[in-house]
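Each chain, written out:
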Amino acid sequence: MGAERVRTYLKMAALRGMRKGLANVRLVHTTAEDLLFRCLGEGSVAAFHVYFPDPWPKKRHHKRRFFRPSNVARLAEVLAPGGLLRVKTDHEGYATVIVEVVAGEPGSYPCPATRRSRGSPRPASRSSTRARGGP
Ligand SMILES: C[S@@+](CC[C@H](N)C(=O)[O-])C[C@H]1O[C@@H](n2cnc3c(N)ncnc32)[C@H](O)[C@@H]1O
């Protein structure tokens, strides 16, 4: 299940899924926040994947970033125990903020972060950040 707020990009994602023959994809034309706070129940999701969230690099736009304490707290509530939050970004400053905000969430623990540029080979062990429960 994915959320995309821009209809054009939602259609692109849907087309990609169809071309790959994926039959288990559901896309919602809404914001990630709407999906999180209004549509998903607590402990109902095994994993969240947030790849290249808009970094909003200008300081006056930082308030638009998805990774802020209130959203991360809700991610943690909606994740099932032992659930996984996997995040990728190519913006170093935002990466630092994301790590800090997730680390501030009680019950979360980090997996080793890896650095990889877009298009370079995928490492054997991929970076991830877990939240809630687990070892
Ligand atoms: C930088 S693109 C990354 C897209 C894709 N994940 C990738 O890896 O290529 C960010 C996307 O997130 C969408 N987006 C930004 N904020 C959003 C939000 N709050 N809820 C849903 N989609 C959002 C934007 O419209 C844009 O399509």
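If you're wondering where the values come from, they're calculated on a predicted model, not measured in any experiment. In this numbering scheme, every chain counts its residues from 1 along its sequence in written order. Per-residue local features are limited, in this predicted model, to residues with pLDDT of at least 70; the limit for side-chain atom pairs, both in listing and counting, is 80 or more; totals at the level of whole chains, interfaces and linings are taken over all residues. To obtain the side-chain values, all non-hydrogen atoms of the structure were used and water was disregarded.

(A) Spatial organisation of a positive patch on the surface. To count toward a patch, a residue needs a relative accessible area over 30% and no salt bridge; like charges are then connected within 9 Å, while nonpolar side chains (Val, Leu, Ile, Met, Phe, Trp, Tyr) are connected within 5 Å. Every accessible area reported is derived by Shrake-Rupley at a probe size of 1.4 Å, with residue values counting cover from the shown protein chains alone. Salt bridge criterion: a side-chain nitrogen from Lys or Arg within 4 Å of a carboxyl oxygen from Asp or Glu. The convention is simple: Lys and Arg are positive, Asp and Glu are negative, and His and the chain ends are not counted. Note on charges: their place is set at NZ of Lys, CZ of Arg, CG of Asp or CD of Glu. A contiguous patch of positive charge, built from Arg-5, Lys-58, Arg-60, Lys-63 and Arg-64, is present on the exposed surface. Checked against the element boundaries, Lys-58 lands in the loop between β3 (45–51) and α3 (69–78). Only DSSP runs of H or I with at least four residues qualify as helices, and only runs of E with at least two residues qualify as strands; both kinds are numbered from the N terminus onward.

(B) Up close: the nonpolar core. Phe-48, Phe-67, Leu-75 and Leu-85 are the most contacted members of the largest nonpolar core, which has 18 residues in total. Elements represented by at least two residues in this core include exactly α2 (32–39), β3, α3, β4 (79–88) and α4 (92–103). Residue contributions to this core peak at four residues, all from α4. Should any heavy atoms of two residues lie within 4.5 Å, those residues are counted as being in contact. Ignoring sequence-local partners within four residues, the contact set of Phe-67 consists of Val-50, Pro-53, Val-72, Leu-75, Leu-85, Val-87, Tyr-94, Val-97, Ile-98, Val-101 and Val-102. As used here, the term nonpolar core means buried Ala, Val, Leu, Ile, Met, Phe, Trp, Tyr and Cys residues forming a set that is joined through side-chain atoms within 4.5 Å. Three labels apply to residues, based on accessible area from a 1.4 Å probe with only protein chains included: buried if under 20% of the type maximum, exposed if over 50%, partly exposed otherwise in between.

(C) Up close: a nonpolar patch on the surface. Residues Val-6, Tyr-9 and Met-12 make up a contiguous nonpolar surface patch of about 270 Å² in total accessible area. Topologically, Met-12 is positioned in helix α1 (residues 7–19).

(D) Broad picture of α3. Residues of α3 that are buried include every one of Asn-71, Val-72, Arg-74, Leu-75, Ala-76 and Val-78, and no others. Residues of α3 that are buried sit in contact with α2, β3, β4 and α4.

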